[in-house]
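So the chains spell out like this:
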Amino acid sequence: MTNTPNTPPTPPNPPTPDPGWTATDTYLTDLLVPADEALTAALADSTAAGLPEIAVAPNQGKLLNLLARLQGARRILEIGTLGGYSTIWLARALPEDGRLITLEHDPRHAEVARANLARAGLADRVEVRTGPALDTLPLLAKEGAGPFDLVFVDADKVNNPHYVTWALELSRPGTLIVVDNVVRAGRVATEDPSDPAVTGTRAMFDLVAHEPRLDATAIQTVGTKGHDGLLLARVTS
C-alpha cells in the first residue's frame, strides 16, 4: 500500500491483541507459501530504501495471485505500488502476453518497485506509472487502457470511493475489484469524522452498497497485519 495523491500517508493500524495470530500466519505461510528469493528481496530492498513496512502479508499476496488466476486475468490494474511486492504476486498470475499497470505517487517508491520487478523477471509485463492516481486514472480511460479483468486498490483510504468509481469505469462485466485495509482494526464500524481513513472507507462501502453494477462482500482478517479485512466486488453489468 502507498499514498497516491498529495495527502498524508495513512497510518498503520494501532497495535491489537495477538492471541496467536502471528504464529498462525507463520505456520500457514511456511506450509503453503514457500520462501521465494525475488519476493524476499523485494521486501528487503523496500525496507533498506526506507519505504514503510506496509506491504501485504505473504499469504495475502498468494491470495491475490490465486484470485487473479481464478479470474483468468489478462489485464490487471493496481492502485498503490509501494515497493512492488503485491505487484509481483499479481503479475505472476498473468499469461506471457498479459499486462499489469500499477500506479504509484512517490517517484522513490516507483524506482524501488521497478528494480524489484526487473529482478523478478516481470519488467516486460508491468508498467509502473508515477503520479497522483486521481490524475493518472482519467488518462488511462482516455487512452483506452481498459477494460481490466482485476483491479486491486491498496492506496490512501480517504480516496477509496474515488478509486472504486474509477475501477468501475475501467472495468467490464465480470471484472473483480479488490480493496484492501477496509476494516481498520474494527474502527470502520463506527463513524469517526476525525479519522479520514475511516471516513473514506465508509464512503466507499456506501457507494458499493448502492451501486447496482456491483455485487460485493467484505471479510475481516487477522494475522501479522493485525485486525483488518478486504472487500471483493464483481462487476455485473
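Cut-offs used in this document
- Residues numbered from 1 in each chain as written.
- Predicted model: local features only at pLDDT ≥ 70, side-chain atom pairs only at ≥ 80, totals over all residues.
- Heavy atoms only, no water.
- Helix = DSSP H or I, 4+ residues; strand = E, 2+ residues; numbered from the N terminus.
- Expected span 1.5 Å × (residues − 1).
- Buried < 20%, exposed > 50% of the residue type's maximum accessible area, 1.4 Å probe, protein only.
- Arc of directions from axis to C-beta.
- Contact = heavy atoms within 4.5 Å.
- Axes fitted to C-alpha atoms, helices over the stretch in contact; angles between N-to-C directions.
- Parallel < 35°, antiparallel > 145°, perpendicular 65-115°, else oblique.
- Left-handed = near helix turned anticlockwise from the far one by under 90°.
- Nonpolar A, V, L, I, M, F, W, Y, C, P; charged D, E, K, R; others polar.
- Phe/Tyr/Trp six-rings, centres within 6.5 Å; stacked < 30°, edge-to-face > 60°.
- Lys NZ or Arg CZ within 6 Å of the ring centre and 35° of its normal.
- pLDDT = per-residue confidence, 0-100.

(A) Molecular detail of helix H3 (residues 58–71). Spanning 14 residues, H3 covers 20 Å between terminal C-alpha atoms, matching the ideal 20 Å at 1.5 Å per step. Gly61, Leu64, Asn65, Leu67 and Ala68 are the residues of H3 that are buried. Summarising the axial view, the buried residues of H3 lie within an arc of 160°, below the 170-degree limit, and thus occupy one face. Where H3 is buried, its residues contact strand S1 (75–79), helix H4 (85–91), strand S4 (150–153), strand S5 (176–180) and strand S7 (226–235). Once H3 finishes, Gly72 follows within two positions and takes phi at roughly 65°, a positive value.

(B) Just the packing of helix H2 (residues 37–48) against helix H5 (residues 107–119), in detail. Relative orientation of the contacting elements H2 and H5 amounts to 160°, with a least axis distance of 10 Å. Relative to H5, the element H2 lies roughly antiparallel. Helix-helix and strand crossings are classified by hand; for H2 and H5 the assignment is right-handed. Side by side, H2 and H5 meet where Ala41, Ala42, Asp45 and Ser46 of the first sit next to Val112, Asn116 and Arg119 of the second. The residue makeup of the contact of H2 with H5, split by class, is three nonpolar, two polar and two charged.

(C) Structural context of the packing of aromatic side chains. Tallying each qualifying case throughout the model produces zero aromatic pairs. The ring of Phe148 has Arg75 lying over it, and the distance from NZ or CZ to the ring centre is 5.7 Å.

(D) Representation of the confidence of the model for the protein within the structure. When pLDDT is averaged across the protein, the result is 93; 93% of the residues are at 70 or more. Here residues 1–12 scores under 50 on pLDDT; set against residues more than four positions off or in separate chains, the count is 44 contacts.

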